[in-house]
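What the coordinates show
Chain residues, written in single-letter form:
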Amino acid sequence: SADAAAAMARDGRAMPEKLPEAERRELASRYRLVSLRAWCGVYYQLIKVFFLSRITPRAFRTTPGVPDLLEKGSDVYEAELAGSNIYTVAESLLLHWVTLHWRKMRPDAKGSSARVTSLRQLRDGHVLAALILS
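What you are looking at is a predicted structure, and each value in this text was computed from that prediction instead of being measured.

Summed over the entire model, instances satisfying the criterion amount to three salt bridges. Here E21 makes a salt bridge to R24, at a shortest N to O gap of 3.6 Å. Taken together, the residues span about one helical turn, with E21 and R24 both in helix α2 (residues 21-50) at a distance of three residues. Across the pair E21 and R25 runs a salt bridge, and its minimum N-O distance is 3.8 Å. In this pair, E21 and R25 both sit in helix α2, four residues apart, roughly one turn of the helix.

This part is about the nonpolar core. With seven residues, the main nonpolar core is built from L95, V98, W102, V116, V127, A130 and L131. Mapped onto this core, the elements with two or more residues apiece are α6 (89-105) and α7 (126-133). Each residue touching A130, except ones within four places of it in the same chain, is listed here: W102 and M105. Formed by five residues, the second largest nonpolar core is a distinct cluster that contains F60, V66, L70 and L100.

At their nearest, the axes of α6 and α7 sit 8 Å apart, and the two run at 80 degrees to each other. With respect to α7, the element α6 is oriented roughly perpendicular. Within the contact between the two elements, α6 uses W97, V98, H101, W102 and M105 and α7 uses H126, V127, A130, L131 and L133. By residue class, the composition of the contact of α6 with α7 is eight nonpolar, two polar and no charged.

Calculation rules
Residues numbered from 1 in each chain as written. Predicted model: local features only at pLDDT ≥ 70, side-chain atom pairs only at ≥ 80, totals over all residues. Heavy atoms only, no water. Salt bridge = Lys/Arg side-chain N within 4 Å of Asp/Glu carboxyl O. Helix = DSSP H or I, 4+ residues; strand = E, 2+ residues; numbered from the N terminus. Core = buried A, V, L, I, M, F, W, Y, C linked by side-chain atoms within 4.5 Å. Buried < 20%, exposed > 50% of the residue type's maximum accessible area, 1.4 Å probe, protein only. Contact = heavy atoms within 4.5 Å. Axes fitted to C-alpha atoms, helices over the stretch in contact; angles between N-to-C directions. Parallel < 35°, antiparallel > 145°, perpendicular 65-115°, else oblique. Nonpolar A, V, L, I, M, F, W, Y, C, P; charged D, E, K, R; others polar.

Next up, the structure:
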């Protein structure tokens, strides 16, 4: 019966009808975290599908202010952007756009600090602040 199946745990043991209060609180606190992560994942996928899909190399080159930030002779090469197995072309273009503004605000940055290679670099706020100020 359905009631008997519901009373069985995943490992085949019978589940108690009422969980102890401490275990119930711990499950409730984990539920909030798992739920938050799941919804963040859903929002990220919505943004990726409906907004990032509109970003193309052609659209990037015609974005107001970008041609001024691109160095002379440099161009956005789709083959170079598509070579990543981590980021899509649109995500790579977004990182390139952030890098252009980072370099504009920090012309003295050299080496790896002059390039934004991961969205994790926005966590400390320096790159994000430069992006807002630019």
